[in-house]
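Here's the letter readout for the chains.
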Amino acid sequence: MFLKEKQLLNYFKILKIKKNDKLFIHGNSMALFQIYGKNAKVKTDLFWNCLKNFLGNNGTIIVPTFTYSLGKNRIYNKHKSKSKVGQFSEDFRKNFSKVRSNDPLFSISALGNDIKKIGNLSYKNSFGKNSIFDYLYLNNVKILCLGCELDVVTFLHYIEQDINVPYREFKYFNTYSKNYSGKIKNERINFFCRIKKRKYNYNLNPLIKEMKKRNKISIIRFGRLKSYIFNSKDLYNICKK
């Protein structure tokens, strides 16, 4: 059974998304294939237009369009560099977003009321103060995982940096970006990254269990796939404990 506009609007209501909300979405394009339409473009257009109208003019949609551009061989062009985190994000970047951030590693694309503020955020420390992830925390932005699990949530790295976990460390990386005129700019970015010698894996099951216990996460079906939604500050506070 394919999802139509009525089912999409009902899904947003079940998620308790409200008008004027700020929403950060990690998405799997397989989720949108379940929408009724003659081709992928029609399906994608229906989803984003429904969500945009549901949030209203003062709402904001943010989608990660990371490129992980390091070194001279990977020059970041925020107008042309393709997202490396899936077709869901690339479709949003090309067809719906109104701004893309300047971060050569963890760029995001956005649509809505806060695009000017988002476009001017700092990126010299990818998970630090005045970064996009700091914006998520300070504005208690809702995070939606649509057809994907919590291990894709990059906001977790912001929390890790803030509490200075022992399995990551600060390193400086050279990045190269191309501006409107084609001029290439070299900048150093401070990145709280994995310590290579320390091998570890995430087990987020205890986190999900605790968030469910406190009613701080909703797990909702989107067609055949699961989705998760929660507030950034709730994730931060429970993770920190």
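Refer to the structure presented above.
Given the structure is predicted, the values throughout are model-derived calculations rather than measurements. (Residues numbered from 1 in each chain as written. Predicted model: local features only at pLDDT ≥ 70, side-chain atom pairs only at ≥ 80, totals over all residues. Heavy atoms only, no water.)

S.K.: Sorry if this is basic, but what is going on with the sheet that holds strand S3 (residues 99-100) here?
M.R.: Within a beta sheet, neighbouring strands are joined by backbone hydrogen bonds and run either parallel or antiparallel to one another. The strand order S3-S4-S2-S1-S5-S9-S8 describes an open sheet built from seven strands, whose pairing is mixed. For this open sheet the edge positions go to S3 and strand S8 (218-222), each flanked by a neighbour on one side alone. As paired elements, strand S1 (residues 22-27) and strand S5 (residues 142-146) share five bridges and run parallel to each other. Looking at the pairing, isoleucine 25 lines up with leucine 144 of S5. (Pairing = 2+ DSSP bridges. Helix = DSSP H or I, 4+ residues; strand = E, 2+ residues; numbered from the N terminus.)

S.K.: Would you mind going over the pairing of S5 with me for this structure?
M.R.: It is a general feature of regular strands that their side chains alternate between the two faces of the sheet. Counting buried positions along S5 gives five out of five residues, so the element sits mostly inside the fold. As paired elements, S5 and strand S9 (residues 225-231) share five bridges and run antiparallel to each other. Note on S9: the bridge partner recorded for leucine 146 is serine 227. (Buried < 20%, exposed > 50% of the residue type's maximum accessible area, 1.4 Å probe, protein only.)

S.K.: Which parts of the structure should I look at to understand the pattern of salt bridges?
M.R.: Note that side chains of opposite charge can pair when their charged atoms are close. Tallying each qualifying case throughout the model produces 10 salt bridges. With its nearest N and O atoms 3.8 Å apart, the salt bridge here joins lysine 22 to aspartate 114. With a gap of 92 residues between them, lysine 22 in strand S1 and aspartate 114 in the loop between strand S4 (108-112) and helix H5 (115-119) connect regions that are remote in the sequence. Under the relative-accessibility criterion, aspartate 114 is labelled buried at 8%. (Salt bridge = Lys/Arg side-chain N within 4 Å of Asp/Glu carboxyl O.)

S.K.: Even after reading the chapter, I still don't get the packing of helix H8 (residues 205-213) against helix H9 (residues 232-240), so can you show me in this structure?
M.R.: The interhelical angle for the contact between H8 and H9, taken along N-to-C directions, is 120°, at an axis separation of 10 Å. What the angle tells us is that H8 and H9 run oblique. Of the two possible hands of crossing, H8 and H9 adopt the one that is right-handed. In this structure, H8 contributes Leu207, Glu210 and Met211 to the contact, and H9 contributes Leu235, Ile238 and Cys239. Grouping the constituent residues of the contact of H8 with H9 by class yields five nonpolar, no polar and one charged. (Axes fitted to C-alpha atoms, helices over the stretch in contact; angles between N-to-C directions. Parallel < 35°, antiparallel > 145°, perpendicular 65-115°, else oblique. Left-handed = near helix turned anticlockwise from the far one by under 90°. Contact = heavy atoms within 4.5 Å. Nonpolar A, V, L, I, M, F, W, Y, C, P; charged D, E, K, R; others polar.)

S.K.: Just to check I follow, could you spell out the nonpolar core for this structure?
M.R.: Proteins that are soluble and globular tend to have nonpolar side chains buried together. In terms of nonpolar packing, the biggest core is built from 39 residues, with Ile62, Phe133, Leu150, Val153, Phe155, Phe230 and Leu235 touching the most fellow members. When contributions to this core are tallied by element, the ones reaching two or more residues are S4, helix H6 (132-138), S5, helix H7 (155-163), strand S7 (184-194), H8, S9 and H9. Setting aside anything within four residues of it in sequence, one finds leucine 150 in contact with Cys145, Leu156, Leu204, Ile208, Ile217, Tyr228 and Phe230. In this structure, Phe12, Ile25, Leu111 and Phe222 belong to the second largest nonpolar core, which totals 28 residues. (Core = buried A, V, L, I, M, F, W, Y, C linked by side-chain atoms within 4.5 Å.)

S.K.: Is there a simple way to explain a positive patch on the surface in this structure?
M.R.: Together, Arg74, Lys82, Lys84 and Lys94 line one region of the surface with positive charge. Following the sequence through the fold, lysine 94 ends up in helix H4 (residues 87-95). (Patch = residues over 30% accessible without salt bridge, like charges linked within 9 Å, V, L, I, M, F, W, Y side chains within 5 Å. Areas by Shrake-Rupley, 256 points an atom, 1.4 Å probe, with all protein chains shown as cover. Lys, Arg positive; Asp, Glu negative; His and termini not counted. Charge placed at Lys NZ, Arg CZ, Asp CG, Glu CD.)

S.K.: Just checking my understanding: could you explain the environment of arginine 194 for this structure?
M.R.: Take arginine 194: it is sitting in strand S7. Separated by 66 residues in sequence, arginine 194 and glycine 128 place their C-alpha atoms 16 Å apart.

S.K.: Honestly, the side chain of serine 97 in this entry has me stumped. Any pointers?
M.R.: By secondary structure assignment, the location of serine 97 is in the loop between H4 and S3. A distance of 3.0 Å separates a polar atom in the side chain of serine 97 from the backbone oxygen of arginine 93. Discounting chain neighbours no more than four positions away, the residues touching serine 97 are Phe92, Ser109, Ala110 and Leu111. (Polar contact = N/O pair within 3.5 Å; in protein donor to acceptor, adjacent residues only side chain to side chain.)

S.K.: Help me understand the pairing of S7 in this model?
M.R.: Examined bridge by bridge, strand S6 (residues 168-178) and S7 share 11 bridges and lie antiparallel to one another. Within S7, the position partnered with lysine 178 by the bridge is isoleucine 184. Between S6 and S7, which pair antiparallel and follow one another directly, the connecting turn spans five residues, one of which, glycine 182, has a positive phi of 90°.

S.K.: Help me out: how do you make sense of the side chain of lysine 142 in this one?
M.R.: Tracing the sequence through the fold places lysine 142 in strand S5. Of the residues examined, lysine 142 reaches a relative accessible area of 14% and is grouped as buried. Within the local environment of lysine 142, its side chain forms a polar contact with the backbone oxygen of lysine 16, the two atoms lying 2.7 Å apart. Residues contacting lysine 142, with those up to four places away along its chain left out, are Lys16, Ile17, Lys18, Asp21, Lys22, Leu23, Phe24, Ile229, Phe230 and Asn231.

S.K.: Looking at this model, I keep getting lost on the packing of aromatic side chains. Mind explaining?
M.R.: The description of an aromatic ring pair uses the distance of the two centres, along with the angle that the planes make with each other. By the definition in use, this model includes 26 aromatic pairs. A ring pair is formed by phenylalanine 12 and phenylalanine 54, whose centres lie 5.5 Å apart and whose planes are at 55°; its orientation type is tilted. Residue phenylalanine 12 is located in helix H1 (residues 5-14), and its partner phenylalanine 54 is located in helix H3 (residues 40-55); the two are separated by 42 residues in the primary sequence. Each member of the pair phenylalanine 12 and phenylalanine 54 is classed as buried. Look at phenylalanine 66 and phenylalanine 106: their rings are 5.1 Å apart centre to centre, the planes differ by 80°, and that puts the pair in the edge-to-face class. (Phe/Tyr/Trp six-rings, centres within 6.5 Å; stacked < 30°, edge-to-face > 60°.)

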